[in-house]
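Examining the three-dimensional arrangement
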Amino acid sequence: MNHPFRVGIVGCGNIADNHFQSYSALPDVEIVGVCDVAVERAQVFAAERGIARAVPSVRELIALGIDAISVCTPHPTHEAVVAEAASAGVHVLCEKPIATDTGAAERMVSAAEEGGITLGVVFQRRFWPGARALRTAIDDGRLGTPMLGHCQVLLHRGIDYYNAAAWRGTWAADGGGVLMTQAIHNIDLLQWFMGDPVEVSAKAGSFVLGDTIEVEDTAAALITFASGAIATLSATVAASPNLGTRIVVTGSNGATVQVTEYPEGSDAVNDLWAIPGEERAGTVFPDGLSGDIPVAEVNARLLPLHKVQVADFVDAIRSGRQPAVTGREAMKSLQIVAAVYESARTGLPVQIRSASVGSRHFTHLSHSLAEAGTSR
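Thresholds applied
- Residues numbered from 1 in each chain as written.
- Predicted model: local features only at pLDDT ≥ 70, side-chain atom pairs only at ≥ 80, totals over all residues.
- Heavy atoms only, no water.
- Helix = DSSP H or I, 4+ residues; strand = E, 2+ residues; numbered from the N terminus.
- Rg over C-alpha atoms; globule rule 2.2 N^0.38 Å.
- Buried < 20%, exposed > 50% of the residue type's maximum accessible area, 1.4 Å probe, protein only.
- Contact = heavy atoms within 4.5 Å.
- Areas by Shrake-Rupley, 256 points an atom, 1.4 Å probe, with all protein chains shown as cover.
- Pairing = 2+ DSSP bridges.
- UniProt positions renumbered as here; feature names shortened; annotations may be inferred.

**Focus: the overall build of the protein**
On a plain count of helices and strands, the protein comes out with 12 helices and 15 strands. For 376 residues, the compact-globule estimate of 2.2 N^0.38 gives 21 Å, and the protein sits close to it at 20 Å. Its C-alpha atoms give the protein principal-axis dimensions of roughly 55 × 50 × 50 Å. When each of the 376 residues of the protein is scored for burial, the buried share is 58%. Counting only contacts in the protein whose residues sit at least 6 apart along the sequence, the fraction spanning at least 24 positions is 70%. In the form shown here, the protein has an accessible surface area of approximately 14600 Å², with 53% of it arising from carbon and sulfur atoms.

**Some thoughts on the pairing of strand β9 (residues 218–225)**
Direction of pairing for strand β8 (residues 197–205) relative to β9: antiparallel, over a ladder of 8 bridges. Directly across from Ala204, in β9, lies its bridge partner Ala219. Sheet topology places β9 next to strand β10 (residues 230–236); 7 bridges connect them, and they run antiparallel. Across the sheet, Ala221 pairs through a bridge with Leu233, a residue of β10.

**What to know about the UniProt feature "domain: Gfo/Idh/MocA-like oxidoreductase N-terminal" (unreviewed entry) in the protein**
UniProt records the feature "domain: Gfo/Idh/MocA-like oxidoreductase N-terminal" (unreviewed entry) for residues 5–121 in the present numbering. End C-alpha to end C-alpha, residues 5–121 measures 19 Å, and it is 42% helix and 24% strand.

Structure, rendered in structure tokens:
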């Protein structure tokens, strides 16, 4: 491009500032404007950051002559924003999850492909050095073929967190509970390490927060992948104190590597690296455990990773390549989450077809997430 890369931000809630700071750190990138359905919020956001324009709609933002938008709106609104941007030829970086149901995700990917735009999805934890090291060990064969995995998410979100925003903890606006809003980052990493998911058996429930939220606060699943590998998933937002997350992968040669995030929002480390000839181990837990961390602080800690992914997205557009996490790649973690909800609802295993191929081969799970309520 021979002109500054012109960006708009859609949605001026908590995570939008990470996008603002990430674009602001890049050379030849101009944040042209922001929009929010609550235009006063957009105006305050823009004024505090020196952004020239604040408008009430995506259409008006696009009319400012932008190259790309960041989507920082509630989960169920992502599809409409992406569709409008794609029809105007505007590239999109969308916050996770890509959508709250697999049909919407498929339509978003198709709209991007038909519109000839780049669709990236924010899974910034893929840029953890510890996650990259594990992915490299898989790629160069030191771990063998991944055959066994485990993803554990032991986070804390209290009543105050859910009461702070009416949409949180609802099927209609949040699309799910711990899996959709928190653990989907770790589920994305798990499938990035293990391969395409093909079957899920699961249970879910709201064991602690059932009087506060509609959705699950706890879930567990067995996931089978296309290679035949298997992994377990356990996740909760009812742990206290917050104990972070960890993913462990064992390969066909017996090697095992673990990636642990503690405290939440910090860079994950390889506290277990059991590859022959490279063995090392440690602990991320100090003598005393950290307390529960406010979500705003978690987001602030993730800013360096946001900066790396936003830089990757801008470079991908400028150089004509795919970004690190495409819309089609982001569909895979959503497929797993949706399959967990379906299996928890029916008590039966749920089959998943690969999202790596054309959209016509994509499996539509025959239920809406709104119907997939879990026990309280």
